[in-house]
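Read off the chains here:
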Amino acid sequence: MPNSNHTYIAIMAGGVGSRFWPASREARPKQFLDIMGDGRSLLRMTFERFLKVTTADKIFIVTNGKYQAQVLEHLPELSDNQILCEPSRNNTAPCVAYTAFKLQALDPEANIVIAPSDALIVNETLFADNINKALAYTAETDALVTLGIAPDRPHTGYGYIQFLGESGNDGIYPVKRFTEKPDSETAKSFLQSGDYLWNAGIFVWRAETVLKAYEQYAPEIYALLSQGMTCYNTPEEQAFIDEFYPQTPSISVDYAIMENAKNIYTIPAQFGWSDLGAWGALYQESIKDESGNVINAGKAITEDVHNSYIRGPEGKLIVVGGVDDLLIIDEGDVLVVYPKSREQEIKALRGKAEEMFGEKFV
């Protein structure tokens, strides 16, 4: 196991989860919801998963400033300095850079895992083993490591990583290129070629290594946030971030760094992963009844209903009959009934609801 004294985890929990509308709202997004129905929010599940890798005092959460109180509500173990509050949503590149600067100021040898707050991991022991393997590698090497997921179907909703399988070193392989979400035919060809992995958005690197990459490939972000070196982990940090962070370009870490850097490696992993990006993924990962339905409601009667996802509030009886392949999401003030096959339209529907009826329903 790598030296966990220098191991830090940064969980990204600032998104709004618009494809999980109407359950995920601006005021309480999906990372704070008990989506799996086991009594824990996705954020809490992610936090507990990383306790297999390091201690609670080394786990940091990067979120939007408006969610600071909710983070503490779900993770009372954390101190205020472990919550990085972004004043604006500028995608993942500024968020990762801010984290790296802050943790490097805390510990010049910081070895960091960056992970989303809303993924489902089935085999948490295997997951921890993969993370520790990556940490051991990055502790000794100037490498940017990503965990790639061995694909089991031609998924068009994920980015892909092409790796050089013949030049691996103890299960760690150089990355040839990153590819954004492909169309169906391209995804099929990726699956057949055998050298493509799903991009899970889980990264491991030393703060020093990734900041060198920012200096080279994202100099604007580096120049803005490096001015705060004397402020990080002090009472002045938030004022500095509030002023300079919104000036950073809105760009993903994949575009800014991973598609440009040469020292990128991947570990092909098979720990049972889903990014739970939308209702269909949740349906896929949930236990179904004999009719193929997933029912996450206090009281429900279904007659001749198949392959549907039904969610309703406590204390409300939901009666559904004669339908197949539907999403039925009742959040009290918003009811969505929509074909499961068209779940990708929900994000746009949320925008339409806001446009027509204001912020109250989003």
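This structure is a prediction, so every number in the text was calculated from the model and none was measured.

Colleague: Teacher, can you tell me more about the environment of threonine 7 here?
Modeller: Note on placement: threonine 7 falls in strand β1 (residues 7–12). Assessed through its relative accessible area of 1%, threonine 7 is described here as buried. Between the alpha carbons of threonine 7 and leucine 191 there is a distance of 34 Å; along the sequence they are 184 residues apart. Other than its neighbours up to four places away in sequence, threonine 7 contacts Val53, Thr54, Lys58, Asn111 and Leu135.

Colleague: Would you take a moment to explain the sheet that holds strand β16 (residues 326–330) for this structure?
Modeller: The strands making up a sheet associate through backbone hydrogen bonding, with each pair oriented either parallel or antiparallel. Taking strand neighbours across the sheet as the criterion, the 4 strands line up as β12-β14-β16-β17 in an open arrangement whose pairing is mixed. Both edges of this open sheet fall to β12 (294–296) and β17 (335–339), since each of them pairs with a single strand only. In this sheet, neighbouring strand axes are inclined to one another by 5° on average, regardless of whether the strands run parallel or antiparallel. Pairing geometry for β12 and strand β14 (residues 309–311), over 3 bridges, is parallel. From the neighbouring strand, asparagine 296 faces β14, where its bridge partner is arginine 311.

Colleague: Sorry if this is basic, but what is going on with the pairing of strand β10 (residues 264–269) here?
Modeller: In summary, the side chains of a regular strand alternate between the two faces of the sheet. Judged from the 6 bridges that link them, strand β6 (residues 144–149) and β10 form a sheet pairing that is parallel. From the neighbouring strand, valine 145 faces β10, where its bridge partner is tyrosine 265. One ladder, built from 2 bridges, connects strand β8 (residues 173–179) with β10; its direction is antiparallel. Paired with proline 174 across the bridge in β10 is tyrosine 265.

Colleague: What should I look at first to understand the packing of aromatic side chains in this one?
Modeller: Two descriptors summarise a pair of aromatic rings, namely the distance from one centre to the other and the angle between the planes of the rings. Across all of its chains, the model carries 21 aromatic pairs by this definition. Grouped by ring-pair contacts, the aromatic residues Tyr98, Phe101, Tyr222, Tyr232, Phe240, Phe244 and Tyr245 constitute a single cluster. Positioned over the ring face of tyrosine 8 is lysine 58, at 5.8 Å from the centre of the ring.

Colleague: I keep staring at the pattern of salt bridges and nothing clicks. Help me out?
Modeller: Where charged atoms of side chains with opposite charge meet at close range, the side chains can pair. Evaluated as defined, the whole model comprises 22 salt bridges. Glutamate 124 is the salt-bridge partner of arginine 49, the closest N and O atoms lying 3.1 Å from each other. Residue arginine 49 is found in helix α1 (residues 42–50), and its partner glutamate 124 is found in helix α4 (residues 124–140); the two are separated by 75 residues along the sequence. Beyond isolated ion pairs, a larger network of salt bridges with shared partners links Asp38, Arg40, Arg44, Glu48 and Glu77.

Colleague: What is the right way to look at the environment of glycine 194 in this model?
Modeller: Note on placement: glycine 194 falls in the loop between α5 (184–193) and β9 (196–206). A residue is classified by how much of its surface remains accessible, and glycine 194, at 53% relative accessible area, is exposed. Distance in space between the C-alpha atoms of glycine 194 and proline 151 is 9.0 Å, their sequence separation being 43 residues.

About the cut-offs
- Residues numbered from 1 in each chain as written.
- Predicted model: local features only at pLDDT ≥ 70, side-chain atom pairs only at ≥ 80, totals over all residues.
- Heavy atoms only, no water.
- Helix = DSSP H or I, 4+ residues; strand = E, 2+ residues; numbered from the N terminus.
- Buried < 20%, exposed > 50% of the residue type's maximum accessible area, 1.4 Å probe, protein only.
- Contact = heavy atoms within 4.5 Å.
- Pairing = 2+ DSSP bridges.
- Axes fitted to C-alpha atoms, helices over the stretch in contact; angles between N-to-C directions.
- Phe/Tyr/Trp six-rings, centres within 6.5 Å; stacked < 30°, edge-to-face > 60°.
- Lys NZ or Arg CZ within 6 Å of the ring centre and 35° of its normal.
- Salt bridge = Lys/Arg side-chain N within 4 Å of Asp/Glu carboxyl O.

So, to be careful, I would describe these as geometric facts and stop short of saying anything about function.
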